[in-house]
Amino acid sequence: MTSMKTTDNYKLRLYNPTTDRSALDEICANVYGGSDYLPKVADTYVADPMCSFLALEQNGIIVAVANYKRLPLQNSVWIEAVRTHPNHRNKGLATSLLRELVSLSREEGISNVTILTCTIESNIGMQRAFEKVGFRACNHIHTLSFAALKQLPGWEAGCASDQQPLLTALDLDHLVSSEARSIDTTRWNTVSSENELLIALEQCKSHGGTCGYLPGLYEYIVPSPSRTDLRKSINHGLVFTWNIVLDKEISSCDHDNDSLMKIEKAILVFTKDERISSLKSQWVCSIVAYTKLAFEAAMVHAHSSEVAKRLQSLESTDENGIHHPEIHMQPFCLVFDGAVPLDDGTLAHALPRVTDQCVVFSYA
């Protein structure tokens, strides 16, 4: 990408990790209470051929940045890490930057591309900027609260005591139905390729109205050459799909065999996220489901001894390549699709989710 003019005295160019680092640190200094992840991952954006980490410059000074990530396997683009210098806010720079990124997708000639981004519910300013450009809210990514997870026995980083499984530590085991507990673990299929995962995501979307993407921590996890975390999880058997066909109650509107069946589907994925520093492990558990039963079934499998063994097979090898056989469930942050029912009295509703939800926006 070459630099381009946007408005008077502004131009958009690629971020330079050598000369722009101090400016980026200044922009991010007060974001998330001074714990912004962006300075830690900026170099990975620069090195990723699927990304264009961009800087909006005025008179030689960076006043805003954003990352433009191409997701060709799902014909999408993800815009993330939009930041404006505190001395240049409320000037419409985020809106201008977003418009340029939308234009960039058109210039690249990708037909029918879906442009996605997200922010938290309380960030009204960013939501308004999205809407001015033409983005519309399309989904939520439900995330468990890190503050709540850190309080669980043995879950906080640096804690020497053994950790309890999530549902046990939260005293929520009683909210898992007997039907979900009775599901044979052999019904869970271990995904062996990225294409198989993409097919499962599309099936969940068509059958249950899920978003069609794998939720992550304030992002969608999409297969690409740079997603070595996802590829490693596939190679180690940490990506699962599940489906079951159930009979449903017959009504006068049912006219064929398909209408007499209810299809339950779920996807369960464990990946590592290097941005996590407050918990004892960096595992993220992602669930795609659209019914109470499917979500509970995924949670049961996430707590199974088989999954614990597979997680431990990666965690228990030290830097010298020596494998340590102790098996116990690893702490993880849970994220799940907005299609999961959150009715009162359900497991999903009782989980300690963040109050400031992640809202996904789409421009298509």
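These figures come from a predicted structure and were not determined experimentally.

### A short note on the overall build of the protein chain
Part 1 of the argument: Summing up its helical and strand segments, the protein chain has 12 helices and 15 strands in all.
Part 2 of the argument: Its C-alpha atoms give the protein chain a radius of gyration of 22 Å, near enough to 21 Å, the size a compact globule of 364 residues would have.
Part 3 of the argument: A sequence separation of at least 24 residues applies to 67% of the contacts in the protein chain between residues at least 6 apart.
Part 4 of the argument: On the protein chain, roughly 17000 Å² of surface is accessible, and the fraction owed to carbon and sulfur atoms is 47%.
Part 5 of the argument: For the protein chain, the distance from the average position of its 32 positive side-chain charges to the average position of its 43 negative side-chain charges is 6 Å.

### A word on the layout of surface pockets
Part 1 of the argument: By volume, the second largest pocket amounts to about 240 Å³.
Part 2 of the argument: Taken together, 18 residues line the second largest pocket, and the ones lying closest to its centre are Thr 114, Lys 205, Cys 211, Gly 212 and Tyr 213.
Part 3 of the argument: Of all the elements in the fold, those that place two or more residues in the lining of the second largest pocket are strand 6 (114-120), helix 8 (194-208) and strand 15 (358-363).
Part 4 of the argument: Element by element, the count of residues in the lining of the second largest pocket is highest for helix 8, at four residues.
Part 5 of the argument: A per-class count over the lining of the second largest pocket returns nine nonpolar, seven polar and two charged.

### Thoughts on the environment of Ser 281
Part 1 of the argument: Relative to the assigned elements, Ser 281 resides in the loop between strand 12 (261-272) and strand 13 (283-289).
Part 2 of the argument: For the pair Ser 281 and Gly 33, spaced 248 residues apart in sequence, the C-alpha separation works out to 22 Å.

### Points about empty space enclosed by the protein
Part 1 of the argument: Evaluation of the coordinates by the stated rule reveals one cavity of 30 Å³ or more.
Part 2 of the argument: Every residue lining the largest cavity is listed: Lys 69, Leu 71, Trp 78, Glu 219, Tyr 220, Val 222, Ser 224 and Arg 227.
Part 3 of the argument: Secondary-structure elements contributing two or more residues to the lining of the largest cavity are strand 4 (61-71) and strand 10 (219-221).
Part 4 of the argument: The residue inventory of the lining of the largest cavity, partitioned by class, reads four nonpolar, one polar and three charged.

### Considering the nonpolar core
Part 1 of the argument: Counting 60 residues, the largest nonpolar core has Phe 270, Ile 287, Phe 295 and Leu 334 as its most contacted members.
Part 2 of the argument: In contact with Phe 270, other than residues within four places in its own chain, are Ser 233, Leu 238, Trp 283, Val 284, Cys 285, Ala 302, Val 307, Leu 311 and Phe 332.
Part 3 of the argument: Formed by 28 residues, the second largest nonpolar core is a distinct cluster that contains Leu 54, Leu 93, Leu 98 and Leu 104.

### Quick word on unusual backbone geometry
Part 1 of the argument: If you check the backbone angles, Asn 90 has positive phi at about 65° while not being a glycine.
Part 2 of the argument: Secondary-structure assignment places Asn 90 in the loop between strand 5 (76-84) and helix 3 (93-107).
Part 3 of the argument: What makes Asn 90 exposed here is its relative accessible area of 84%.
Part 4 of the argument: A positive phi is found at Tyr 218, a non-glycine position, where the angle reads about 55°.
Part 5 of the argument: When you line up the elements, Tyr 218 lands in the loop between strand 9 (214-216) and strand 10.

### Some points on the packing of aromatic side chains
Part 1 of the argument: In total, this model carries 11 aromatic pairs according to the counting rule given.
Part 2 of the argument: Between Phe 295 and Phe 336, the ring centres sit 4.9 Å apart and the planes meet at 55°, which makes this aromatic pair tilted. Highlighted residues: Phe 295 in helix 10 (residues 292-302) and Phe 336 in strand 14 (residues 332-337), separated in sequence by 41 residues. Of the two residues, Phe 295 and Phe 336, neither departs from the other in class, the shared state being buried.
Part 3 of the argument: Three or more aromatic residues link up through ring pairs in this structure, and these residues are Phe 130, Phe 135, Phe 361 and Tyr 363.
Part 4 of the argument: For Arg 275, the ring lying beneath its charged end belongs to Tyr 37, and the centroid distance is 5.1 Å.

The rules behind these values
- Residues numbered from 1 in each chain as written.
- Predicted model: local features only at pLDDT ≥ 70, side-chain atom pairs only at ≥ 80, totals over all residues.
- Heavy atoms only, no water.
- Helix = DSSP H or I, 4+ residues; strand = E, 2+ residues; numbered from the N terminus.
- Rg over C-alpha atoms; globule rule 2.2 N^0.38 Å.
- Contact = heavy atoms within 4.5 Å.
- Areas by Shrake-Rupley, 256 points an atom, 1.4 Å probe, with all protein chains shown as cover.
- Lys, Arg positive; Asp, Glu negative; His and termini not counted.
- Charge placed at Lys NZ, Arg CZ, Asp CG, Glu CD.
- 1 Å grid on protein atoms, 1.4 Å probe; cavity = no way out; pocket = protein on both sides within 12 Å on 5 of 7 lines; lining within 4 Å.
- Points joined across faces, edges and corners; volume = space filled by probe spheres on them.
- Nonpolar A, V, L, I, M, F, W, Y, C, P; charged D, E, K, R; others polar.
- Core = buried A, V, L, I, M, F, W, Y, C linked by side-chain atoms within 4.5 Å.
- Buried < 20%, exposed > 50% of the residue type's maximum accessible area, 1.4 Å probe, protein only.
- Phe/Tyr/Trp six-rings, centres within 6.5 Å; stacked < 30°, edge-to-face > 60°.
- Lys NZ or Arg CZ within 6 Å of the ring centre and 35° of its normal.

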